Amino acid sequence: MKLSLDTSGLTEVRADALILGRHTDDAKLTPALAAVDKKLGGLLSKVMAAEKFEGKIGQVSHVHTDGRLRAARVLVAGLGPKKDSGAEAVRRAASAAARRARDLGARSAAAYLAAEGVPARARAQATVEGAVLGTYRFDKYLKEKSPKRLDSLVVSEPERRSQAAAENGMRAGETWAAATCLARDLVNEPANVVTPAYLARRAQEIARAGRLGLKVLERADCARLGMGAYVGVAQGSHEPPKFIHLTYKPKGRARKRVVVIGKGITFDSGGLDLKPADGMYRMKDDMSGAAAVLGLFQALPKLALPVEVHGLIAATENMPSGTAQRPGDVVRAMNGLTIEIGNTDAEGRLTLADALAYAAKEIKPDEMLDLATLTGAIVIALGMGLSGVFATDDGLAGRVLGAAEAAGEKMWRLPLHDEYKEGLKSDIADLNNISSQRGGGAIVAGLFMRDFTGGRPWAHLDIAGTAFTERELPLGPKGGTGVGVRTLLAYLSALAGKR
């Protein structure tokens, strides 16, 4: 989508659709709506009254201008009540209106969504994110593609003193939305395309374009480093594993060194503990954490944040075969801990264990975060609309949750309840990869992984319920959501003092 900033009056904007916003509790038309309504001879207010437009988030009303404006249509999008106003209200209004404009046949749109208390920069960024994410499609494999596409968006900012801020916000929104769309594309691709080698090639492309550091470790390299947990998962597939290490370093002195790890199981059959057919069908999305990491690193060079960031992906398939890991096997992780395999379908925590141990030993970060479609238990606990957050450090947990709120991604902190670790005991190894006790599966997985962090501040985001959606959401269609990308960007931007 081509983006530009317009500084002329709203009645002078040339586009197929002009998008304006209205709160539910606006006592009268805002100055922007009033100016447009006057040009239309009161038609806009009449249509809103006839349609009982209330300004609820997601509600959209439209009218044809019949040549009385340079814009062919005017769309009014609900911003909700003023007390709940914020960037997320703007995102959702922009998304709903951009979809409606596209479906009405518009190829170009202009938007001015002046929500209560949202400054120009945040408003422009949210407008772009909403419009781009809301109109996202993955139609690569469809022979008959919809001809209806929104090709360009003008962000309108008539106030001269706010135009520089709006320009900055628009460009940030473009970067954040593109990173999220990259993650969505990777998750939506089938597993016969997105293999560990494919992820490594995409990492190479991103590193080359952004002048980032990149190291890809092969199976033998990982074995030499002692990554027995990761290599054990990989041994059942003919697809070679790829351990991907991306590095972004700022030009000046870094304020912090942060590691972000994404679970990279490109297809999860369950291994010899095979999943049932309906539970296996969507397992191409088990690399959603890895997709978020790649999306993040596409964005980082454009944002130039003064934070050193390392991205790790232990990419592999989890497949059944004559060479596959067996229940009851014992493997040794990079930090020396031995693990009895209680269930081969609890493989993600094994790959993440070695990635965490690698980060602690080789990178020595100030903080570590991981994103993983890790447990069905988190879906039982929080449903399909919330990601679970676990953290060893209250300050880190607060920053992650604050970033999620700023990004409009719903997350909830759960405890690392130490008493549940009793269930991870093994008679023949240091740990079992599953618990002998019922319940608390998401917590148990977090407790297992904590033993590989080397005591460094660490946050774990379980995105099993939010990485993929079977229904259309306010900011996107069915399929991969790209969850976590914008939370990571907001988190790192806050560390850099830029949000």
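See the structure printed just above.
Now for a look at the structure at hand. Everything quoted here is computed from the prediction, not taken from an experiment. (Residues numbered from 1 in each chain as written. Predicted model: local features only at pLDDT ≥ 70, side-chain atom pairs only at ≥ 80, totals over all residues. Heavy atoms only, no water.)

1. Focus: the pattern of salt bridges
A side chain with one charge may pair with a side chain of the opposite charge, provided their charged atoms come close. In the structure shown here, the tally under the stated rule is 35 salt bridges. E174 is paired through a salt bridge with R171; the nearest N and O atoms lie 3.0 Å apart. Of this pair, E174 and R171 both sit in helix α5 (residues 163-188), 3 residues apart, roughly one helical turn. Judged by its relative accessible area of 31%, E174 falls in the partly exposed class. D285 is the partner of R282 in a salt bridge, and the nearest nitrogen-oxygen pair spans 3.1 Å. Connected through shared salt-bridge partners, E88, R91, R92, E129, E409 and R486 make up one network. (Salt bridge = Lys/Arg side-chain N within 4 Å of Asp/Glu carboxyl O. Helix = DSSP H or I, 4+ residues; strand = E, 2+ residues; numbered from the N terminus. Buried < 20%, exposed > 50% of the residue type's maximum accessible area, 1.4 Å probe, protein only.)

2. Focus: helix α3 (residues 87-103)
Taking 1.5 Å of rise per residue, the 17 residues of α3 would be expected to cover 24 Å, and the 24 Å separating its terminal C-alpha atoms lies within 8% of that figure. Just downstream of α3, G105 is the residue with a positive phi angle, here 100°. (Expected span 1.5 Å × (residues − 1).)

3. Considerations on the sheet that holds strand β11 (residues 330-332)
Reading across from one edge, β11-β12-β16 is the order of the 3 strands in this open sheet, with mixed pairing throughout. Because the sheet does not close on itself, it has two edges, and the strands there are β11 and β16 (431-432). As paired strands, strand β12 (residues 338-340) and β16 are joined by 2 bridges and run parallel to one another. Following the sheet pairing, E340 is matched in β16 by N432. (Pairing = 2+ DSSP bridges.)

4. Observations concerning the side chain of D37
Checked against the element boundaries, D37 lands in helix α1 (residues 31-39). Summary of buried charges: D37 has no salt-bridge partner, and the nearest side chain of opposite charge, K46, is 8.3 Å away. If we skip the residues at most four places from it in the chain, D37 touches L29, G42, L43, L44 and S45. (Lys, Arg positive; Asp, Glu negative; His and termini not counted. Contact = heavy atoms within 4.5 Å.)

5. A few points about helix α14 (residues 441-450)
With respect to burial, α14 is a largely interior element, 8 of its 10 residues being buried. If you check which residues of α14 are buried, you get A442, I443, V444, A445, G446, L447, F448 and M449.

6. Comments concerning the nonpolar core
Ranked by size, the top nonpolar core spans 60 residues in total, and within it L296, F297, V309, Y491 and L492 carry the most contacts. Per-element accounting of this core gives the leading share, 10 residues, to helix α10 (residues 288-303). If we skip the residues at most four places from it in the chain, F297 touches I206, L212, L246, T247, Y248, V309, H310 and G311. If you look at the next biggest cluster of nonpolar residues, it comprises 47 residues, including V331, I339, I341 and A359. (Core = buried A, V, L, I, M, F, W, Y, C linked by side-chain atoms within 4.5 Å.)

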